[in-house]
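Each chain, written out:
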Amino acid sequence: MGLFDFLKNKKIDPAKAENTKPSEPKKQSAKPAESRSDLFVSINKYSEYIVQYIGMQSQGNYAPISAYEKSNGEIIGFLYVFGEDASYSLSSEQAIDGMEKQFGEQMKSGEILSYVILYHSQFDDNENHTIANSDEELKAISVIYNFADGQEGKIGLPYKFEGDQVEYKGFNKISPQENDIIFNTKTVQGKDYFQHRETIVPPSSENEIGITIKKSNTLGLGNTWSGIFGFETFGKPNGGDILNQYFAAAIVKEPVIKRGDVSVSEIDFKDVLFKAITLRENPISLLPEVKTSYQLSFETKDITEWENVNNLEAIVSGKGRDTFGLWYFATDYAENRERYLTQKNLNVNISGIAFVLDIHTNDEPEGEVKYSNDFTMYMPNNDLPNYGCFDFIGELISFSESRVLENDEIEGYLINVKLITNEEDKGFFTIDIFVAKENMRFSELVVGMKLTGMFQMQGRIVD
């Protein structure tokens, strides 16, 4: 599970996020006034980070954080963050392991005096500090601590959900009075508590034929299926349930392709295939493939494999017709992974799925760039570049009505769109794109009209 998308569906009032204080801990049996414990004195140095972490939970952020004490006594907060490429995340376990290793080495060298790591766990007034990886496992905030005086271990702050609120019980191993001191710590409005940030860099390597292999673990096909079913329909509660039905129907069909441990079965509609991928008979993914006869020569430069689906899906990047840059979601990566990794030069079918489609007009405001009547183009979409998504202006060459699902419930079109104008070759880069009627911002298609919008490029090696 990704570091930054973990359990963001928790519904907690955001108005209570700033300067959040935990609910009063349940009263424990009172004791006479006593001196502060050594553990409390050490942990209390990080009380602002404990309160800060409680505030992060109220905002739906469950990513681990940490802080350390420099040799001069200064407390520094530490956080892993995304860089420009947010396609790779860290699991909570990876983040915690990285923090422990880094801070452990710094303590040995004397660079820091202590550190704490805060994360959400299954701790429930016991010694189970296992990381929580689902809603059901959320039981507590656990704190890993390590201090120069030899104190080292874990301490837990159990909590439970009461409606939209979180009720905290108080840390074990320290007294109720000591808990009160921590809980009443004030945080500073506007202060940057995480002065030390390290950017997550996706793993990358180059293979023996010069193809760069990158890794991703945050990408998925939600937008792709919204392109097929319509974003409004697919975004409704239970809107994606139909995928489970078709996945179940597909995987019981006889495989059309079986290579090693990978099997691919299909449900065939007029213009679109639903392809079910299984690995050692375990369901992995269901993906749509737009049928097309259009093909071109392609040279692979980079492949971004999706670790979250066992490296059986990928975005392939390179050059088309030895001329223009191109990258696409490879609908055949599961069955052809070995060919993609060992052959740079391929012939590929290219098609697309439109996420939004509109009419392009050339009546730009005064001073804006006006395009010639035969202008066409495509360029990477700023929001979804890692998915092979492109903004475009294209000429509609032809179209036909298309329907998907057994009852023809999804209505759309298969449109043939010129994306590069080349006077010597009218079909230089003219591809078939499926568009659901729901994703169109107009109602009538006319051959020769200029279209604009955004689509996901997809491709497969020509059989």
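The present account deals with the structure reproduced in this document. (Residues numbered from 1 in each chain as written. Predicted model: local features only at pLDDT ≥ 70, side-chain atom pairs only at ≥ 80, totals over all residues. Heavy atoms only, no water.)

**Focus on the overall build of the protein**
Keep this limit in mind: To qualify as a helix, a DSSP run of H or I must reach at least 4 residues; to qualify as a strand, a run of E must reach at least 2; elements of each kind are numbered from the N terminus. Contact definition: two residues touch when any of their heavy atoms are within 4.5 Å. For accessible areas, the Shrake-Rupley method is used with a probe of radius 1.4 Å. Any residue's cover is judged against the shown protein chains and nothing else. In this count, Lys and Arg are taken as positive residues and Asp and Glu as negative ones, while His and the chain termini are left out. By convention, the point assigned to a charge is CZ for Arg, NZ for Lys, CD for Glu and CG for Asp.
Each helix and strand in the protein was counted, giving eight helices and 22 strands. Projecting the C-alpha coordinates of the protein onto the three principal axes gives extents of approximately 90 × 55 × 50 Å. Considering only contacts in the protein between residues 6 or more positions apart, those separated by 24 or more positions represent 65%. As displayed, the protein offers around 21,800 Å² of accessible surface, 46% of which is attributable to carbon and sulfur atoms. In the protein, which carries 45 positive and 72 negative side-chain charges, the distance between the mean positions of the two groups comes to 3 Å.

**Let's talk about the packing of aromatic side chains**
The following threshold applies: To pair, rings of Phe, Tyr and Trp, with the six-membered ring standing in for Trp, must have centres within 6.5 Å; the planes then decide the type, stacked if under 30 degrees apart, edge-to-face if over 60, and tilted in the middle. Buried, partly exposed and exposed residues are distinguished by accessible area as a fraction of the type maximum, computed with a 1.4 Å probe on protein chains only: under 20%, between the cut-offs, and over 50%, respectively.
Taken as a whole, this structure holds 31 aromatic pairs when the rule is applied. Taking the centre distance of 5.3 Å and the plane angle of 70° together, the rings of Y378 and F390 count as edge-to-face. Of the two residues, Y378 is situated in strand β18 (residues 377–380) and F390 in strand β19 (residues 389–404); the sequence distance between them amounts to twelve residues. The exposure class assigned to F390 is buried, which follows from its relative accessible area of 1%.

**Description of helix α5 (residues 222–229)**
Where burial is concerned, most of α5 is hidden: six out of the eight residues are buried. Listed in full, the buried residues belonging to α5 are T224, W225, S226, G227, I228 and F229. G230 sits one or two positions beyond α5 and adopts a positive phi of about 100°.

**Brief notes about the sheet that holds strand β2 (residues 75–82)**
In a beta sheet, neighbouring strands are held together by backbone hydrogen bonds and run either parallel or antiparallel to one another. Let me state the cut-off plainly: We treat two strands as partners when DSSP finds at least two bridges between them. Angles shown run from 0 to 180 degrees and are taken between the N-to-C directions of axes, each axis being a line fitted to C-alpha atoms and, for helices, limited to the stretch in contact.
Pairing in this open sheet of seven strands is mixed, and the strands run β6-β5-β4-β3-β1-β2-β7 from one edge to the other. Looking at the sheet topology across the chains shown, the edges are occupied by β6 (165–168) and β7 (196–200). For this sheet, the mean angle separating the axes of adjacent strands, direction not counted, is 25°. Pairing of strand β1 (residues 65–70) with β2 involves four bridges; the strand directions are antiparallel.

On their own, these measurements won't tell you what the molecule is for.
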